[in-house]
Amino acid sequence: LAIEPRIAFSRYIESPSFDEGQPVAERPIRMLTLIASPQDLTRWELQPIDRGVEEQDLRARLLLLGTNQLQYDFSQSGDAPTLQRLLADGSPTGVVERGYDILLYMGHGLHHPELGTRLVLEDPINNRVALYAGEDLVVFLKQLPQSHRPSLIILIACNSAAAGTLNSLAVRLL
C-alpha cells in the first residue's frame, strides 16, 4: 500500500461507541516514545531494533515541528514497569499535573489466536523479550486519571492487528 518511505500509512477504525474527543488545546502537546529493543529478538524470528538509531531518526524529524508545538520524552528502557511509571507520573523526572497527550510505541507485536495480542517489550532484569498483553495495557490505561490518559496512541508494531479489525489491540484501546 505504501510504496515509498515518504508515504505515511495509517488505519482508521470507525466506531459508533468511540467519542473522537476534542483536539488537545494546551501547548505544547506532550508525547512519550517507548522503543522496545530486547536483545533476543532473533530468537523469536523478529528483526532487531537499534533504539539509538530509531531515536536519533525520530528526534531529527520532530525538530522540524519546533519546541512550541511538541514536547517529547523518550523512555530510556522498553519495559512494562517503566512504561507504566512514565504514564502514571507524566514525566521522567516525577509526577506532573498534566500527563502525556500521545504515546508512541515502536517495536514488535505478536498475536496468538487464543491469547490475543502481545507487545514485545523488554524484561527489566535481563533485557530479553517480555510479552505484554494488550489487555493489560488497556486495563492500565483505563485506570489512569483523565489528566494522564493519552488522547492518541500510536502503535508501530507489526502483527498487532493480526486478529482482524474487531479483535485488534487498536480497537480495544478505543
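This section reports on the structure supplied with the text. (Residues numbered from 1 in each chain as written. Predicted model: local features only at pLDDT ≥ 70, side-chain atom pairs only at ≥ 80, totals over all residues. Heavy atoms only, no water.)

**Notes on the overall build of the protein chain**
Logical step 1: A tally of regular secondary structure across the protein chain gives 4 helices and 6 strands.
Logical step 2: Each helix and strand of the protein chain, placed in order from N terminus to C terminus, yields the pattern β-α-β-α-β-β-β-α-β-α.
Logical step 3: A total of 174 residues make up the protein chain; the buried ones form 40% of that total.
Logical step 4: Carbon and sulfur atoms make up 53% of the accessible area of the protein chain, which totals about 10800 Å². (Helix = DSSP H or I, 4+ residues; strand = E, 2+ residues; numbered from the N terminus. Buried < 20%, exposed > 50% of the residue type's maximum accessible area, 1.4 Å probe, protein only. Areas by Shrake-Rupley, 256 points an atom, 1.4 Å probe, with all protein chains shown as cover.)

**Some points on the side chain of serine 37**
Logical step 1: Relative to the elements of secondary structure, serine 37 occurs in the loop between strand 1 (29-35) and helix 1 (51-62).
Logical step 2: Serine 37 gets classed as buried once you look at its relative accessible area, which sits at 15%.
Logical step 3: A polar contact of 2.4 Å, which involves the side chain of serine 37, links it to the backbone oxygen of isoleucine 49.
Logical step 4: Excluding residues within four positions of it along the chain, serine 37 makes contact with Ile49, Arg51, Glu122 and Asn127. (Polar contact = N/O pair within 3.5 Å; in protein donor to acceptor, adjacent residues only side chain to side chain. Contact = heavy atoms within 4.5 Å.)

**Points about unusual backbone geometry**
Logical step 1: Residue arginine 27 is joined to proline 28 through a cis peptide bond whose omega torsion reads 0°.
Logical step 2: The phi dihedral of glutamate 45 falls on the positive side, at around 60°, and the residue is not glycine.
Logical step 3: With respect to the helices and strands, glutamate 45 occurs in the loop between strand 1 and helix 1.
Logical step 4: Residue class for glutamate 45 comes out exposed when judged on its relative accessible area of 75%.
Logical step 5: Phi at asparagine 127 takes a positive value of approximately 60°, unusual for a residue other than glycine.

**Focus on a nonpolar patch on the surface**
Logical step 1: Together, Leu152, Ile154 and Ile156 give the surface a local cluster of nonpolar side chains, amounting to about 230 Å² of exposed area.
Logical step 2: On the accessibility criterion, leucine 152 (42% relative accessible area) is partly exposed. (Patch = residues over 30% accessible without salt bridge, like charges linked within 9 Å, V, L, I, M, F, W, Y side chains within 5 Å. Salt bridge = Lys/Arg side-chain N within 4 Å of Asp/Glu carboxyl O.)

**A word on the packing of aromatic side chains**
Here a ring pair, both rings aromatic, is described through the centre-centre distance and the interplanar angle of the planes.
Logical step 1: A full pass over the atoms with the stated rule returns 1 aromatic pair.
Logical step 2: Considering the side-chain rings of tyrosine 72 and phenylalanine 74, the 5.9 Å spacing of their centres and the 85° angle between planes classify their relative orientation as edge-to-face. The residues tyrosine 72 and phenylalanine 74 share a single accessibility class, namely buried.
Logical step 3: Over the face of the ring belonging to tyrosine 100 we find arginine 30, whose NZ or CZ atom lies 4.6 Å from the ring centre. (Phe/Tyr/Trp six-rings, centres within 6.5 Å; stacked < 30°, edge-to-face > 60°. Lys NZ or Arg CZ within 6 Å of the ring centre and 35° of its normal.)

**Here's the deal with the nonpolar core**
Logical step 1: Counting 35 residues, the largest nonpolar core has Leu83, Leu87, Tyr105, Leu121 and Tyr132 as the members making the most contacts within it.
Logical step 2: Looking at this core, the elements that each hand over two or more residues are strand 1, helix 1, strand 2 (70-74), helix 2 (80-89), strand 3 (102-112), strand 4 (116-122), strand 5 (129-133) and helix 3 (134-143).
Logical step 3: Apart from the residues within four sequence positions on either side, tyrosine 132 is in contact with Ala80, Leu83, Gln84, Thr117, Arg118, Leu119, Leu121, Leu137 and Phe140. (Core = buried A, V, L, I, M, F, W, Y, C linked by side-chain atoms within 4.5 Å.)

**As for the packing of helix 2 against helix 3**
Logical step 1: One can describe the packing of helix 2 onto helix 3 by two numbers: an axis separation of 11 Å at closest approach and a directional angle of 20°. Classed by the angle they form, the pair helix 2 and helix 3 counts as roughly parallel. Our pair here, helix 2 against helix 3, has a crossing hand that is right-handed. Here Leu83, Gln84, Leu87 and Ala88 of helix 2 lie close against helix 3, whose contacting residues are Leu137, Phe140 and Leu141.
Logical step 2: Among the residues forming the contact of helix 2 with helix 3, the class breakdown is 6 nonpolar, 1 polar and no charged. (Axes fitted to C-alpha atoms, helices over the stretch in contact; angles between N-to-C directions. Parallel < 35°, antiparallel > 145°, perpendicular 65-115°, else oblique. Left-handed = near helix turned anticlockwise from the far one by under 90°. Nonpolar A, V, L, I, M, F, W, Y, C, P; charged D, E, K, R; others polar.)

Without other data, these values stay purely geometric and don't point to any function.
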